[in-house]
Amino acid sequence: MTRPDIVIDYLANCPEFVDALARLSWKEWRDVYQQREQTLEDSLKNYRERMNTDRLPLTLVAVRAGLAVNCRELVGMVSLKFHDMDTRPDLDPWLGGLLVLPEWRNRGVGTMLMHRATGAARRLDVPRLYLWTHSAEGLYHKLGWQVVERSDYFGKEAVVMQIDLGCQ
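Residues numbered from 1 in each chain as written. Predicted model: local features only at pLDDT ≥ 70, side-chain atom pairs only at ≥ 80, totals over all residues. Heavy atoms only, no water.

### Let's talk about unusual backbone geometry
So, step 1. With an omega of 0°, the peptide bond running from L56 to P57 counts as cis.
So, step 2. Within the secondary structure, P57 is located in the loop between α3 (40–49) and β2 (58–65).
So, step 3. Residues D92 and P93 are joined by a peptide bond in cis, for which omega reads -10°.
So, step 4. Considering the arrangement of structural elements, one finds P93 in the loop between β3 (72–81) and β4 (94–100).
So, step 5. Here the phi dihedral of E37 falls at roughly 60°; this positive angle occurs in a residue that is not glycine.
So, step 6. Inspection of the secondary structure puts E37 in the loop between α2 (30–35) and α3.
So, step 7. The backbone phi angle of F154 is positive, close to 55°, even though this residue is not glycine.
So, step 8. Of note, F154 is situated in the loop between β6 (146–153) and β7 (156–164). (Helix = DSSP H or I, 4+ residues; strand = E, 2+ residues; numbered from the N terminus.)

This is the structure we're talking about:
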């Protein structure tokens, strides 16, 4: 399902969301950040580094346009990045940080973000992407991702998945 009131754009075009993304990411994956000995400041630095449109790393944001001029509401995010799983340094690049705010879940926003992210990767001639998840294997499988392996990562079962992008 597509949402006509939601647009997907590069974080580079929406710099006003950098702080909010860092805080949301920190809140959602605090245990991962802390096990990597990273802080909220590291999360902020990560998002500042992802303000690209023509190379990795980059972040895409889902935004709902408000009725007032220049009134936009953050709905979700996803990033294309390097070195997302330290136990698998041989795999790169990664799709990660997919997050849709709770009030927007189950409305197709995550799927929109995933399609836009894989499209951006194709445009940049990325032949394959990887991701890891503790909880969303079903969603990714529905979108064409295949399991590479299952392993323990930060004390939980993680599934590493890949998608071949078939760059032309």
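### Describing the nonpolar core
So, step 1. Membership of the largest hydrophobic core comes to 47 residues, with the highest contact counts inside it found for L80, L95, L129 and W145.
So, step 2. The greatest single-element share of this core, amounting to 7 residues, is contributed by helix α4 (residues 109–123).
So, step 3. Not counting residues within four places of it along the chain, the set of residues in contact with L129 comprises L80, P93, W94, L95, T118, A121, W145, M161, Q162, I163 and L165.
So, step 4. Ranked by size, the runner-up nonpolar core spans 10 residues in total, among them V32, M85, W132 and F154. (Core = buried A, V, L, I, M, F, W, Y, C linked by side-chain atoms within 4.5 Å. Buried < 20%, exposed > 50% of the residue type's maximum accessible area, 1.4 Å probe, protein only. Contact = heavy atoms within 4.5 Å.)

### Some points on α4
So, step 1. Counted at 1.5 Å a residue, the expected span for α4 with its 15 residues is 21 Å, and the 21 Å between its end C-alpha atoms agrees.
So, step 2. Inspection of α4 places V109, G110, M112, L113, M114, A117, T118, A120 and A121 among the buried residues, and these make up the whole buried set.
So, step 3. Positive phi appears at D125, one or two residues downstream of α4, with a value of about 60°. (Expected span 1.5 Å × (residues − 1).)

### Looking at the side chain of T59
So, step 1. Summarising the element assignment, T59 is placed in strand β2.
So, step 2. Side-chain polar atoms of T59 contact the side chain of S79, separated by 2.6 Å.
So, step 3. With near-sequence residues (within four places) excluded, T59 lies in contact with D9, Y10, L11, L21, Y47, R50, M77, V78 and S79. (Polar contact = N/O pair within 3.5 Å; in protein donor to acceptor, adjacent residues only side chain to side chain.)

### Structural notes on the environment of G119
So, step 1. With respect to the secondary-structure elements, G119 resides in helix α4.
So, step 2. Exposure remark for G119: the relative accessible area of 31% places this residue in the partly exposed category.

### With respect to the pairing of β7
So, step 1. The sheet contact formed by strand β5 (residues 128–133) and β7 spans 6 bridges and is antiparallel. The partner of Y130 across the bridge, within β7, is Q162.
So, step 2. Note that β6 and β7 share 7 bridges and pair antiparallel. Bridge pairing links V147 to M161 in β7.
So, step 3. In textbook terms, the turn of a hairpin is the stretch between consecutive antiparallel strands, and for β6 and β7 this stretch comprises 2 residues, one of which, F154, has a positive phi near 55°. (Pairing = 2+ DSSP bridges.)

### Re the pattern of salt bridges
So, step 1. Across all of its chains, the model carries 14 salt bridges by this definition.
So, step 2. With a shortest N-O distance of 3.2 Å, R64 and E73 are connected by a salt bridge.
So, step 3. Relative accessible area serves as the criterion here: at 29%, E73 is assigned to the partly exposed category.
So, step 4. As a salt-bridge pair, D90 and R88 come within 2.6 Å of each other at their nearest N and O atoms.
So, step 5. The buried category is assigned to R88, whose relative accessible area is 17%.
So, step 6. It is possible to trace a salt-bridge network through shared partners that takes in D5, R64 and E73. (Salt bridge = Lys/Arg side-chain N within 4 Å of Asp/Glu carboxyl O.)

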